[in-house]
Amino acid sequence: MSDKSAIEKIKEASVHLRGTLKESLKDELTGAIREDDQAVIKFHGMYQQDDRDRREERAEKKLERLYSFMIRLRLPGGFLTPEQWIAVYDIAGEHSTGVIKITSRQTLQLHGIIKSDIKPTIKAFSEAKLDSIATCGDINRNVLCSSHPKQSPIHEEVFGYADKISQLLMPKTKAYYEIWLDEEILVDKKEEEDPLYQERYLPRKFKIAIAIPPNNDVDVFANDIGLIAVIENDVLKGFNIAIGGGLSSTHGNPETYPRLATVIGFADSEEKTLKAVYEIATIQRDYGNRADRKLARLKYTLDKYGVEWFVKELETRTGFSLEPAKEFVFNSRKDFFGWDTNADGLFYYTAFVENGRILDDQNTKLKSALLAIAKTGKANFRFTCNQNVIISDVLPGAKDAIDDILTEYGINGHTENTSVIRKNSMACVAFPTCPLALAEAQRYLPSLIDKIELLLGKYSLSEEEIIIRMTGCPNGCARSYAAEIGFVGTAYGKYNMHIGGDRIGERLNKIYKENIGEEEILQSLDGLFNIYSSQKQTSETFGDFSLRQKWVTI
Amino acid sequence: MLDGRKQQILSELVNGSDRDELVWINGYISAIIHKQEVPVAVESVTVNTSPQKITLVYGTETGNSKRVATELAAKAKKNNLLVKLASLDQYRLTDITREENLFVVISTQGDGEPPVAAQKFYDHIHRNGFRLDQTRFSVLALGDTSYPMFCKTGEEVDEQLEKLGAKRIVPIRKCDVDYEPDAEAWFSEVLRSLNEQPVAKPAGIKIQPQAEAKSNKKIYTGTVVGHVNLHDTGSSKETWHIELLADEVDYLPGDSIGVVPQNPLALVNQIIELTGISNDKKSRFKEADHTVSDLLQNRLAIVYLHERIIKKYSSIVQQDIPEIKMDLLNLLQLYPVKDAAQFEEVLQVLPAQSPRIYTIASSPSAHNGEIHLTVEKDVFAVNEETKAGLCSDYLGGLSVDQTIEFFVQKNKRFRLPAPDKNVLMIGPGTGIAAFRSFISERDATGAKGKNWLFFGEEHFVSDFLYQTEIQDWYQTGVLNKVSLAFSKDQAEEIFVYDRMKEKGDEIFDWIRSGAYIYVCGQKAPMSVHVENELLSILEVHGELTKENAKKYFEQMKQEGRYSKDVY
Ligand code: SRM
Ligand SMILES: Cc1cc2nc3c(=O)[nH]c(=O)nc-3n(C[C@H](O)[C@H](O)[C@H](O)COP(=O)(O)OP(=O)(O)OC[C@H]3O[C@@H](n4cnc5c(N)ncnc54)[C@H](O)[C@@H]3O)c2cc1C
Ligand SMILES: Cc1cc2nc3c(=O)[nH]c(=O)nc-3n(C[C@H](O)[C@H](O)[C@H](O)COP(=O)(O)O)c2cc1C
Ligand code: SF4
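Starting from 1, residues in each chain are numbered consecutively following that chain's sequence as written. Lettering for chains starts from A, numbering for ligands starts from 1, and both go in the order in which the items are written. Predicted model: local features are reported for residues with pLDDT of at least 70 only, side-chain atom pairs are reported and counted for 80 or more only, and whole-chain, interface and lining totals are derived from all residues. To get the side-chain values, take all heavy atoms of the structure and skip hydrogens and water.

Trainee: Help me understand the sheet that holds strand S2 (residues 67-72) of chain A, please; the structure alone is not making it clear to me.
Mentor: Adjacent strands of a sheet form backbone hydrogen bonds with each other and so pair up, either parallel or antiparallel. Residue and element names in this part refer to chain A. Note: two strands are recorded as paired if DSSP finds a minimum of 2 bridges between them. Runs of E in the DSSP output that reach at least two residues are strands. Runs of H or I that reach at least four are helices, and both are numbered from the N terminus. Overall, antiparallel pairing links the 5 strands, which are arranged S1-S2-S5-S4-S13 in an open sheet. Strands with a single pairing partner mark the edges of an open sheet, and in this sheet they are strand S1 (46-50) and strand S13 (357-358). Note: strand S4 (residues 100-102) against strand S5 (residues 108-113), 3 bridges, orientation antiparallel. Paired with Lys 101 across the two strands is Gln 109, which belongs to S5. Note on definitions: a residue-residue contact is assigned when non-hydrogen atoms from the two residues lie within 4.5 Å. Convention adopted: a line fitted to C-alpha atoms gives each axis, helices being fitted over their contacting stretch, and angles between N-to-C directions are expressed from 0 to 180 degrees. Together, S4, S5 and S13 form the strand contacts of helix H5 (residues 82-95), whose direction differs from that of S5 by roughly 20 degrees.

See the structure below:
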């Protein structure tokens, strides 16, 4: 294999992520963009996709594939003002499928934007002070932070880091403004010189999350860099730093594997934390595998050179050494639904959004409800890594008004009546838009949960907070490897069933059965739940029990 | 062998002719029998010294009549006659009473209607109120035997002029699509009779050598092997790409086919029920017996009947009926026939089903043994009820393995130029059909000339007919340029001619360097706008005055560098 993958060459030739995007946009003959530009546009937060349900039929009609673009917003910590929500709502209605998707990395995606609508969409976003820079591509992605204001009195302070890190690792190129917002071409190319990304950017996507114990809602160990806030009597002391997390694997490629991040130490100040984060990225930039993208994530760099070497290299680059990691304890990975208050007495309401898809259906008009709430101007919006939404920062005086809206549109009814198992489950997008999908996920999991609910009822396990996650392929976008029961698509209608993961995201699951369909899935679960209900110790999670039973061995 | 009347006419003719004439008549008749050029003997007919004045007018839709008339005028001059040549829309109608010798070349359009350009003249002569007693005349009718109203307009003009008192010096001659030899023969007769003073034959005698001209068209049978609606779901339109398997069909890119639609079986049964006629009852049609159900489904027009037919129907059923187009079923419901027998009379007056013409979308070189069509379902509203056109609905409703019959409608005026010439094609909507044929042909034969396609429809996503093929042609370089207009994808509507305006300078460069321009598809308003746009391009970018632009454009037409296939 050559020493550089095709994508590497495209990046370097792209003149700081410009490629031939402008020409591609002009081409009237097709709704697609040029091959190379499809790699470049990701750095601008967009993916070219096509409706896979329609391929055969359109081919017969001598029509090209139904191309459209998915755009992913950059929302450090997953925060939106009411004005911004209204903007997103309008843009979704005008240019996309209308469904607003909360992702497993607490941001928003719109699907089905046709080529000629991209610029209007981005212009509209930018008027709302929103952008999609670097939400995809080989670069630092949307930075996560525990979304629950209740988590700590200093939540806001920690939350602030998400934005700082996002800014710190932003690319310097002005291509985004030039291509999408028609800002005049940069003359002084010096302004674009990028000491961090240079011309080659990173070997692969790069993800950072900040967790505030005891809740690990962000799945901090699934990230290239995980920061665990260390707080002592309401004072932020610093962060434990974990590196080398990443969940994806490739069917039939033993060299690829999901991996949880390794804690390498503690940084006791903002300056040190940011410096460490920055230099971890530069090490990955210089040592990451640029020949084989399947082995290019930081986790493989780390395992290739060893943690010890990495920590040394980091010391030489930062000029300081990390302190030994501080104690930390996680006890959950979930969202706390319904009303609650934070330290400053502000109210917030966490609403259940099945697989993060915000739309209006017969009984729950979530999309309209959120719009109505936004229009009151009395609440902000925060998105969780479990694909749910928090209506937050509500003053006591405004709570009732908001609550009336939630009732009127059937939101709190819906949230309360949803089973525990469903609330703790998550699925990725998969069909019809995801080009990598092998099996259904968000379109299928709801009906599978219906049946699983019955099984749990049968063994009176309905109150168990078991975490079920499904992905349409082994990339693990809904973190199916970090679930107590994970389903990983292998072929249409077929899944590998994984069990044995823990509840707090510190232990991955293992394959229990390969390539099985619904019938076998339900049969297996029936058997497992039966034994679990009769032999579990009090408060023994399903994940831990699976291990004790040696159903799988870690 | 000949019936008494013909016998009589013939002997009259023979007796009244000298030797030379007999020789010529002999050659003339054999020419008709063998369908070959008519002997030119007539050219040498000795003409008398005082030159006669003749007026030669033509009514044309697609230019054939004009072409014929112009050639004949030239020939007349050779025979030193003073010729006034005029298109019927230019001709001053009040002059007609003063004409001594009036010769009319006129085609038939629609289902038996005059060309648009001849409508005024047609109406004028039907408005009586004047006499043409000192006018001598003859009519050359252009038509097509595949249409039930063969040369209808010519016949009507011929009868009408006679009614007005004009003297028919040569019987009407009806020409099929290969009109040249008949036209020659007719005019030779005209020249001859002009030289006989005074008018030899008493008016009213008709010699019609090919009076009931048989269709000389080959009927092919095609098996549907492909049938798909090219529009994606969500489109307001239905355009069917139809692939027919039919061997050895003799056609060229630019040709069309004619299809006689089938009437819906349900409707036929309804009619049979209503009239109580037994469906296997035999009835006569074009010298052959057919069952009633066969007639009603495959051979006769039964919907949207012409006023003419309504009139005939009303006289059969002895009821007065408003003369508006109507369906047979409505007639039978509102003004019932008294019994099955009377319905048989009605069958006799129903017109034969008109063939519908569809431009061939395939190329002989590229799609061996197949004929492809691009058929848009013609949808229209009749007082709130949406209806579909008979033939387009029939074709759209076909399914694979069904067969249909068709004939080839040659289109000599719409041909690809030499391989090295550049071609500019403007074909929005189903107009793309001809150009799918052109481009496929040029692709298959490796023609070196450049190709530029203008296409338009409503929406890019759902209505881009043949998108993937057009993309391939562009990528492989057969198509050098493609300009698209999707009218409903933005606030203000954009059409092909707007794109032409944008590209005016380039289009003019192509024209100046000898490019051939073709327009196919909707006649109005599309082709009208396109033509106006071309004229203004000549004005603006060719820096020509209005007049000179027109001249230039006419010049292009003469050189065959501007052709259209519009409907
Ligand atoms: C929307 C989202 C799933 C969801 O339902 O929420 C998602 C959707 C996609 N992911 Fe993902 N990933 C999403 C979170 C994840 C996660 C979970 C996480 O980060 O916490 C993972 C596993 C963690 C990790 O990165 O290891 C993940 C690992 C991948 C991978 C595998 C990366 C690798 O290391 O091999 C791919 C494929 C790739 O990058 O080649 C991928 C690629 C994709 C693409 C863009 C498919 C593609 O490359 O064309 C999917 C778009 C589908 C669509 O139509 O929207 N996605 N993806 C999540 C968006 C997160 C965000 O806002 O940025
Ligand atoms: C040279 C040439 C080439 C052509 N090429 C193509 C081609 O490539 N593709 C293509 O799609 N078409 C083509 N056409 C048009 C085609 O021949 C037909 O005219 C068209 O398909 C409509 O025929 P139809 O039998 O479906 O509609 P018809 O039944 O003949 O109806 C035609 C029109 O008559 C009127 N009408 C009919 N019935 C009623 C009623 N009951 N009440 C009120 N009004 C009524 C409506 O205005 C209707 O639009 C071409 C035409 C010509 C002359
Ligand atoms: C749409 C259409 C309808 C026609 N209808 C008839 C018809 O009813 N009867 C007929 O004899 N010929 C019919 N024709 C054939 C034309 O009269 C024939 O092509 C003739 O050569 C045209 O002469 P022009 O170019 O001078 O108009 C029709 C042709 C077209 C294109
Ligand atoms: S897990 Fe696979 S199928 Fe699901 S969204 Fe990610 S890439 Fe697509």
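Past the structure itself, the notes keep going.
Trainee: How do you make sense of the pairing of strand S18 (residues 451-457) of chain B when you look at a structure like this?
Mentor: Within a regular beta strand, the side chains point alternately toward one face of the sheet and then the other, so they alternate between its two faces. Residues and elements named next belong to chain B. We call a residue buried when its accessible area falls under 20% of the maximum for its residue type, exposed when it is over 50%, and partly exposed in between, using a 1.4 Å probe and counting protein chains only. S18 sits mainly inside the fold: 7 of its 7 residues count as buried. Every second residue of S18 is oriented toward a common face, with Asn 451, Leu 453, Phe 455 and Glu 457 on one face and Trp 452, Phe 454 and Gly 456 on the other, all of them buried. With 4 bridges connecting them, strand S17 (residues 423-426) and S18 associate as parallel partners. Its bridge partner lying in S18, Ile 426 is registered against Phe 454.

Trainee: I'm lost on the site of ligand 3 in this one. Help?
Mentor: All names here are of chain B. For each residue, the test is whether any non-hydrogen atom lies within 4 Å of the molecule or strand; if one does, the residue is near. In the vicinity of ligand 3 there are 19 residues, among which Thr 60, Thr 62, Asn 64, Ser 65 and Thr 108 approach most closely. N or O atoms closer than or at 3.5 Å make up a polar contact, with two conditions inside protein: a donor-capable atom paired with an acceptor-capable one, and, for residues adjacent in sequence, both atoms drawn from side chains. At a separation of 2.6 Å, an oxygen atom of ligand 3 approaches a polar backbone atom of Thr 108. For ligand 3, an oxygen atom lies 3.1 Å from a polar atom in the backbone of Gly 112. Accessible surface is estimated by sampling points in the Shrake-Rupley manner with a 1.4 Å probe; for residues, cover comes only from the protein chains shown. In isolation ligand 3 has 640 Å² of accessible area, and contact with the protein removes 86% of it. Class assignment for the residues of the shell around ligand 3 results in 5 nonpolar, 11 polar and 3 charged. In this classification, the charged set is Asp, Glu, Lys and Arg, the nonpolar set is Ala, Val, Leu, Ile, Met, Phe, Trp, Tyr, Cys and Pro, and all remaining amino acids, among them Gly, are polar.

Trainee: How do you make sense of the site of ligand 1 when you look at a structure like this?
Mentor: All names here are of chain A. In the vicinity of ligand 1, 30 residues are found, and the nearest of them are Thr 103, Lys 207, Thr 433, Cys 477 and Arg 479. The backbone of Ser 104 places a nitrogen or oxygen atom 2.8 Å from an oxygen atom of ligand 1. Take Thr 433: an N or O atom from its side chain is 2.7 Å from an oxygen atom of ligand 1.

Trainee: Looking at this model, I keep getting lost on the interface of chain A and chain B. Mind explaining?
Mentor: How big an interface is tends to be reported as the loss of accessible area on association of its parts. In this assembly, 13 residues from chain A lie in contact with 23 residues from chain B. Throughout, the accessible surface (probe 1.4 Å) given up by two parts as they are put together, summed over both, is called the buried area. Between chain A and chain B lies a buried interface of about 1,500 Å² when both sides are counted; carbon and sulfur atoms form 54% of it. Here, a salt bridge means any Lys or Arg side-chain nitrogen found within 4 Å of an Asp or Glu carboxyl oxygen. Where chain A touches chain B, the interface holds 3 salt bridges. The residue Lys 62 of chain A makes a salt bridge to Glu 469 of chain B at a minimum N-O spacing of 2.9 Å. At the boundary of chain A and chain B, one finds 12 residue pairs in polar contact (both at pLDDT 80 or more). Considered class by class, the residues forming the side of chain A that touches chain B number 3 nonpolar, 2 polar and 8 charged.

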